[in-house]
Amino acid sequence: MLRRISVSWLLAPLACLLVIQPCMAQVLPEDRADIMVHSYDGGGVTVTGPSLLVRKKVTKDLSLTANYYVDSISSASIDVLSYASPYKEKRTEVSVGADYLLGDTILSAGFTNSNENDFKAQTASFGVRQEIFGGLTVVSLGYARGWDQVGQITDLDFSREAEKRLYRLGVSQVITKKFVMNMDFEGITDQGYLNNPYRQVRYEAPGAQGYLWQSEIYPETRTSGAVSLGGRYFLGEGSVVYGSARVYSDTWGIDAWNTKAGYTYIHNKKWIFDASYRYYTQSSADFYSDMFPYVDAQNFLGRDKEISTFNDHSIRFDVTYDFAVDKWKFLERGTLNFGYNHILFSYDDFRNVLEGGPAGTESFYDFNAGVINVFVSFWF
Amino acid sequence: MHRLIRLLLIAALLQVAACSSVEPWVKPYERANLATEEMKFDRNPVCESYMNHVYEAREGARGASGSAGAGCGCN
Amino acid sequence: MIARNKFSSFLALILAMLLSLPAVAGNTDKPATPFSLPDSSGTMISLDDYKGQVVLINFWASWCGPCRKEMPLLEALHQRYEPLGFTMLGINVEEDSSLADGFLRDTPVTFPILYDRENTVSKSYDVIAMPTTIIVDREGNVRFIHHGYKDGYENDYQDQVRTLIRE
């Protein structure tokens, strides 16, 4: 029975070739170039660097893209100050991609290479986008594979590997003439060496300090799933409200959700203002503890604040100025952009050991971060 | 193999949907509002992927926050 | 092994999608539905006014990127073939024509632009993509339909217009 059904359904696409009424025509993304400078400053960490993106159609059906991205990191974070010394490092990421338009389907493929002196990552991705129901719905599917190589500056012989697989399903849906929604699902599985070779956990120990440090041990697999739902609603000329929510769960026991709401306003066709608020909260991983009772207390040990119980609030402002390029014949449009994001992280089970005092009674850690990005975009 | 058949089925269904003459309730020529700059989900891909990176490095959750997801609010 | 299966299914999916690529240009022979629409001065212009000529009807909007791109190319085509018994008719589908007029100030065209503010003509011509381009022969029959615009379509229009002019 199953076979009969599937065969008939499989014939349907072929029959479709004979249908006179064609589907909606999709378009490739516009040719553009973006030059951005970004800066993150918070919790003793600063990350700055440039990012450069160029997208260009080389034929009517093929659009190529290239991205160069640098993070220059200077870290004196609470982890570093607790059991190591401040450091500086640089991460360089190069990505190339192609989008190919075939009728009403866009096929895409990409490759990313990320390089640090002690960490290398490569990712290959494939995707398909298709319009259905007369263009009211766009479905996209994505698959990516990543290969990580983890090293250690203090031990050049140290080398571990990890692999990642990523599955994505996205649906974008026109609801009314003023309302669009989209839904995204992403499943990720990791296998291999997933901890950070420098990170430590603390455990109770006799002595004046009351605790000692040992290396963290993470499970060798992790599988996660996330679903998000978002929408944008057109209030009137130049005025849009938007919102989104996401839920997340993984096999390490981290459950998280976040929500975001914002408003976009266009003034005089020249200025675009955008303001948004985002809230995020998560529960800790099963193997997380701020202080383990003794050395090797469990088979897995983690004390990264990223896997602890915490929440963060963000507010963001953006201004875009559309500058006239009538004199510059080779440009269709150009914009200057400034964005500022303020984030407040507060931890519920990660204590500030720098405070001193009796082990396990230090106050819970929190910190503020400021994120700035300034960029210029050209459409040609 | 079952999985393969199932996926092919889905693909076939998608195709039928793609080419079916389902009357779209918002016609292509009625998209004036939807096509505006302020209604775009991914107005600034560079800024968006940067903010995703900022959050993914500091939060436990990952995925479903990308360009095809809800807009980043970046300009 | 499971991973490999998943991957092959993914490939199969892509294949299935490719299997059913639709045609983007059609070829019909039905009489063009008559219409009458106002131009920017309010004068009513009918398809009938161009009986005996080859007419290219282009449904467009100022908010549609490919339409904007196509407009100067259509103008070039109009200027080149107008003396040979051809005309271009641009049908703007926007409710608010001021946006179209703003665009036309920057990208002027010499062929008639008609305003289909109520979308009645767009509906009767079954405009399923923006832009939609329809070429009508001297007898008043719809001969070619193009949905969307990609670089190079203007060459197809030119070939088709030329063929119909010679008929």
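Conventions we followed
- Numbers given for residues are sequential positions, taken from 1 along each chain in its written order.
- Just so you know, chain letters begin at A and ligand numbers begin at 1, following the order they were written in.
- It should be noted that, the model being predicted, local features are given only for residues of pLDDT at least 70 and side-chain atom pairs only at 80 or more, the latter also being counted only at that level, while totals for whole chains, interfaces and linings use all residues.
- For the side-chain quantities, the full set of heavy atoms in the structure was used; hydrogens and water were omitted.
- For every residue, the accessible area obtained with a 1.4 Å probe (protein chains only) is divided by the maximum for its type, and the residue is called buried under 20%, exposed over 50%, and partly exposed between those limits.
- Here a strand is any run of E in DSSP of at least two residues, a helix any run of H or I of at least four, and the numbering for each starts at the N terminus.
- For two strands to pair, DSSP has to find at least two bridges joining them.
- For a helix, the expected span equals 1.5 Å multiplied by the number of residues minus one.
- The angle between axes fitted to the seven-residue stretch ending at a residue and the seven-residue stretch beginning at it gives the bend at that residue.
- Throughout, a contact is declared for two residues whenever any of their heavy atoms are within 4.5 Å.
- Salt bridges are defined as contacts in which a side-chain nitrogen from Lys or Arg sits within 4 Å of a carboxyl oxygen from Asp or Glu.

Looking at the pairing of strand β14 (residues 255–267) of chain A
Side chains on a regular strand alternate between the two faces of the sheet.
Residues and elements named next belong to chain A.
Part 1 of the reasoning: Of the two faces of β14, only one is covered, namely that formed by A256, N258, K260, G262, T264 and I266; the face formed by D255, W257, T259, A261, Y263, Y265 and H267 stays uncovered.
Part 2 of the reasoning: As paired elements, strand β13 (residues 239–250) and β14 share 11 bridges and run antiparallel to each other. Counterpart to V240 in the pairing with β14 is T264.
Part 3 of the reasoning: Once β13 ends, the chain turns through four residues before running back antiparallel as β14, passing G253 with a positive phi of about 95 degrees.
Part 4 of the reasoning: Looking at chain direction, β14 and strand β15 (residues 271–282) are connected through 12 bridges and run antiparallel. Within β15, the residue paired with T264 across the bridge is D274.
Part 5 of the reasoning: Linking β14 to β15, which pair antiparallel, is a turn of three residues; within it N268 sits at a positive phi near 65 degrees.

Focus on the pairing of β13(A)
Part 1 of the reasoning: For strand β12 (residues 221–236) of chain A and β13(A), the ladder comprises 12 bridges, and the chain directions are antiparallel. Counted as the bridge partner of A:G231 is A:G243 from β13(A).

With respect to the environment of A:N268
Residues and elements named next belong to chain A.
Part 1 of the reasoning: Here N268 lies in the loop between β14 and β15.
Part 2 of the reasoning: The exposed category is assigned to N268, whose relative accessible area is 60%.
Part 3 of the reasoning: Put simply, N268 and Y167 are 101 residues apart on the chain and 42 Å apart in space, counted from C-alpha to C-alpha.

Notes on helix α2 (residues 65–81) of chain C
Residue and element names in this part refer to chain C.
Part 1 of the reasoning: With 17 residues, α2 extends 25 Å from end C-alpha to end C-alpha; this agrees with the ideal 24 Å at 1.5 Å per step.
Part 2 of the reasoning: A maximum bend of about 35 degrees is found in α2 at M71, where proline P72 lies one to four positions downstream.
Part 3 of the reasoning: Here α2 has its buried residues at P66, C67, E70, M71, L74, E75, L77, H78 and Y81.
Part 4 of the reasoning: Structurally, α2 contributes buried residues whose contacts are with β4 (54–60), β5 (86–92), α3 (97–106), β7 (132–136) and α5 (153–166).

Digging into the pattern of salt bridges
Residue and element names in this part refer to chain B.
Part 1 of the reasoning: The final tally for this structure, using the stated rule, is 32 salt bridges over all chains.
Part 2 of the reasoning: Residue K40 pairs with E37 through a salt bridge whose shortest N-O separation is 3.0 Å.
Part 3 of the reasoning: Residue class for K40 comes out partly exposed when judged on its relative accessible area of 31%.
Part 4 of the reasoning: Overall, the relative accessible area of 17% leaves E37 in the buried class.

By themselves, these are just geometric observations and shouldn't be taken as functional.
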